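Inside the fold
Here's the letter readout for the chains.
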Amino acid sequence: MIDEVSEQGGNAISPLVYLVDDDGDFREEMVFGLSRLGLDVHGFHSAAALYRAYAAKPSDIVILDIGLDGEDGLSIAAHLRASQSVGIVMATARGSIDDRVNGLEKGADAYLVKPIDVRELAATVVALNERLGRHRAPLPPPTPRWTLVEGGWVLTDGIGHRLRLTTSEQCFLGRLFSERGETVARHALVEALGADVHDFNYAHLDTIASRLRRRAEKANMRLPLHAVRGVGFAFTD
């Protein structure tokens, strides 16, 4: 029986654990139980909520349900595994051999099938954390994956942040996204705004870009939007 987090060298191992499950009762039960066993655990109901927390402070271990609303646990595992050394534990009701194999192939280090005893989950977390090593180098936050959704009216960074665009911003970014990584000439951006290239104050483009950057920063988004002097703008990522 596990009564507390195991010790090594006299200091308790207390990994930071994020648990993602859209079943509120299960999430609260596991967070409460794991906390009582000495783990520093925080629960989240969705991928977006996890990504926001992880961007602010990466965890040592992530416990994932597969059947989440929106982005599922397998997708989250694959995304985290692509660039992070975080430990991943699947805690799900899907218990077939195919499900287990798929979960492990997506990057899970351990796969537990519900119903799960909190002591087994705690033991799995502690063992995994010890195997990964307690002294890991700080990890960079997840890399943003910029997309325009909802018909191009909402900008997302793929890690939980969203920004609803104004009409001019939607036209401006839509044109830049059509040539991602390339410099789009100012006259092409003016045309995208539906304005006359011969009767337009081109300084207004700088105003749109500046305002968009400020609004994005307030939403905790740092845009890879760059002005190319004398030419135009580029959206690079």
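Just above, that's the structure.
The following paragraphs examine the structure supplied in this document. Only a predicted model underlies this, so the values are computations on that prediction, with no experimental measurement involved.

Looking now at the sheet that holds strand β4 (residues 40-44). Two orientations exist for strands paired in a sheet by backbone hydrogen bonds: parallel and antiparallel. With parallel pairing, five strands are arranged side by side in an open sheet as β4-β3-β5-β6-β7. Either end of the sheet is taken by a strand with one partner, and the two such strands are β4 and β7 (110-113). If you compare each strand with its neighbour and ignore which way they point, the axes differ by 20° on average. Sheet topology note: the strand β3 (residues 16-20)/strand β5 (residues 61-64) ladder contains four bridges and is parallel. Across the sheet, Y18 pairs through a bridge with V62, a residue of β5.

Between K114 and the following residue, P115, the backbone shows a cis peptide bond with an omega angle of 0°. Take P115: it is sitting in the loop between β7 and α5 (118-132). Non-glycine residue E150 carries a positive phi angle of around 55°. Tracing the backbone shows E150 in the loop between β8 (147-149) and β9 (154-156). Despite not being glycine, N220 has its phi angle at roughly 60°, a positive value. Inspection of the secondary structure assignment puts N220 in the loop between α8 (203-218) and β12 (225-228).

Before going further, it helps to spend a moment on the packing of aromatic side chains. As enumerated under the stated definition, the model contains six aromatic pairs in all. Taking 6.5 Å as the distance between ring centres and 75° as the angle between the ring planes, the aromatic pair formed by Y18 and Y54 counts as edge-to-face. Of this pair, Y18 sits in strand β3 while Y54 sits in helix α2 (residues 47-56), and the two are 36 residues apart along the sequence. Per residue, the accessibility class of Y18 equals that of Y54, and both read buried. With a centroid separation of 4.7 Å and an interplanar angle of 45°, the aromatic rings of F177 and F235 are classed as tilted.

About the cut-offs
- Positions within a chain are numbered from 1, following the residues in the order the chain's sequence is written.
- Under the rules for a predicted model, residues below a pLDDT of 70 receive no local features and side-chain atom pairs below 80 are neither given nor counted, while totals for whole chains, interfaces and linings still include all residues.
- Calculation of side-chain values draws on the structure's entire complement of heavy atoms; hydrogens and water are dropped beforehand.
- One bridge is not enough; two strands pair if DSSP finds at least two bridges between them.
- Runs of E in the DSSP output that reach at least two residues are strands. Runs of H or I that reach at least four are helices, and both are numbered from the N terminus.
- To obtain an axis, a line is fitted to C-alpha atoms, over the contacting stretch when the element is a helix, and the angle between two such axes runs from 0 to 180 degrees between their N-to-C directions.
- Two aromatic rings from Phe, Tyr or Trp, using only the six-membered ring of Trp, form a pair when their centres are within 6.5 Å; if the ring planes differ by under 30 degrees the pair is stacked, by over 60 it is edge-to-face, and anything between is tilted.
- To sort residues, take the accessible area from a 1.4 Å probe on protein chains only and compare it with the maximum for the residue type: under 20% means buried, over 50% means exposed, and anything in between is partly exposed.

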